[in-house]
Amino acid sequence: MISSDTAPAILITIPLSHYCEKARWALDRVALPYRKEPHAPLLHRLATKRNDGGTVPVLVHESNRFIDSTDILVHADAICGGDLLYPRDAALRRDVERLEEYFDMELGPHTRHWAYAQLLPQAKLVRSAWSQGVPRLEACLLPVITPLARRLVRTAYKITPESAQHSLERVRGVFRQVNERLSNGRWFLAGDRFTAADLTFAALAAPVLFPAEYRAVHPALDTVPAEMREEVLRLRDTDAGRFALRMFSQERCSSSVAYQSQVL
Ligand SMILES: N[C@@H](CCC(=O)N[C@@H](CS)C(=O)NCC(=O)O)C(=O)O
């Protein structure tokens, strides 16, 4: 359990990142006090490298550093007493972990890939999304950084029209798996209450669903290209899409309202 006199954890983020939303949602959910340290893309590396990491999110808690979202969830659950995000029952926990790993590896990269493919051509929109919530100096540097960062994102993720279509197919494939899992009328993906599996699916699906309660920075749906908006509406109109939106409206708000006072 956390004692009240320990320093709050620090969560290093890029505000647009859906993996950061996964970590934030978990910290809010278990009520682990934390301070956000948001950064602009590229400049985030100064903060993550300092803490032996690379990608965001990174959680710094006392003398520990967690450089992967799943490690952050596992730590947050354990330090707040356990059984909050991962069930105590061993078989059920394995099911949750397997689903989380599947969404981390298959859903997160492909929702990001497809969303960036739609948004990167919109230079102003991307710059505005990257600059929200970051320190003023970093926001001031963004007009200079953005052209390079857009090129780097496109190259690093190898984004082409063909790869974007491929990513959309992979997202649809995950949605079909989730539709199938929900087809017996179950209310949650594993067991009979909210777990890391539900949280991970909803957070990593968010870039293709634009949930109202999403806490990551993202453009308004009516400002994105029409083709993207139409696909978002199609994905929302699936059992998996409706499920993720329900997780946001039922489980994201309730946790954040209940625990808002804990977030520094
Ligand atoms: N497996 C990692 C993936 C995190 C990840 O891909 N983060 C992206 C943002 S969505 C990132 O940091 N990109 C910038 C970079 O690679 O430096 C996790 O679950 O934490």
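Residues numbered from 1 in each chain as written. Predicted model: local features only at pLDDT ≥ 70, side-chain atom pairs only at ≥ 80, totals over all residues. Heavy atoms only, no water.

- Labelled according to an unreviewed UniProt entry, the protein appears under the name Glutathione S-transferase, originating from Microbulbifer rhizosphaerae.

Digging into the overall build of the protein
- Helix and strand counts for the protein stand at 10 helices and 4 strands.
- What you see in the protein, going N to C, is helices and strands ordered as β-α-β-α-β-β-α-α-α-α-α-α-α-α.
- Against the compact-globule benchmark of 18 Å for 264 residues, the protein has a radius of gyration of 18 Å, which places it among compact chains.
- For the protein, buried positions account for 53% of its 264 residues.
- Residue pairs at least 24 apart in sequence account for 73% of intrachain contacts in the protein once pairs closer than 6 positions are excluded. (Helix = DSSP H or I, 4+ residues; strand = E, 2+ residues; numbered from the N terminus. Rg over C-alpha atoms; globule rule 2.2 N^0.38 Å. Buried < 20%, exposed > 50% of the residue type's maximum accessible area, 1.4 Å probe, protein only. Contact = heavy atoms within 4.5 Å.)

As for the site of the ligand
- Contacts to the ligand come from Ser17, His18, Tyr19, His44, Arg45, Thr55, Val56, Pro57, Asp68, Ser69, Arg112 and Tyr157.
- Between the ligand and the protein, one listed contact pairs an oxygen atom with a backbone N or O atom of Val56 at 2.8 Å.
- A distance of 2.8 Å separates an oxygen atom of the ligand from a polar side-chain atom of Arg112.
- Coverage of the ligand by the protein chains reaches 79% of its 520 Å² of free accessible surface. (Near = heavy atom within 4 Å. Polar contact = N/O pair within 3.5 Å; in protein donor to acceptor, adjacent residues only side chain to side chain. Areas by Shrake-Rupley, 256 points an atom, 1.4 Å probe, with all protein chains shown as cover.)

Overview of the side chain of Asp95
- Locating Asp95 in the fold gives a position in helix 4 (residues 90–119).
- Looking at Asp95, its side chain comes within polar contact range of the side chain of Arg98, at 3.1 Å.
- Non-local contacts of Asp95, meaning those with residues more than four positions away in its chain, are made with Arg181 and Ala190.

A closer look at the UniProt feature "domain: Glutathione S-transferase C-terminal" (unreviewed entry) in the protein
- The positions that UniProt labels "domain: Glutathione S-transferase C-terminal" (unreviewed entry) are, in the present scheme, residues 162–206.
- Secondary structure across residues 162–206 comprises 69% helix and 0% strand; the distance between its end C-alpha atoms is 22 Å. (UniProt positions renumbered as here; feature names shortened; annotations may be inferred.)

Observations concerning unusual backbone geometry
- The residue after Val56, namely Pro57, is reached through a cis peptide bond having omega 5°.
- Here Pro57 lies in the loop between helix 2 (44–50) and strand 3 (58–61).
- Of note in this structure, Leu42 is not a glycine but carries a positive phi near 80°.
- Mapped onto the elements of the fold, Leu42 is located in the loop between strand 2 (34–38) and helix 2.
- Positioned with a positive phi, Glu62 is a non-glycine residue whose angle comes to about 50°.
- Relative to the helices and strands, Glu62 is located in the loop between strand 3 and strand 4 (64–66).

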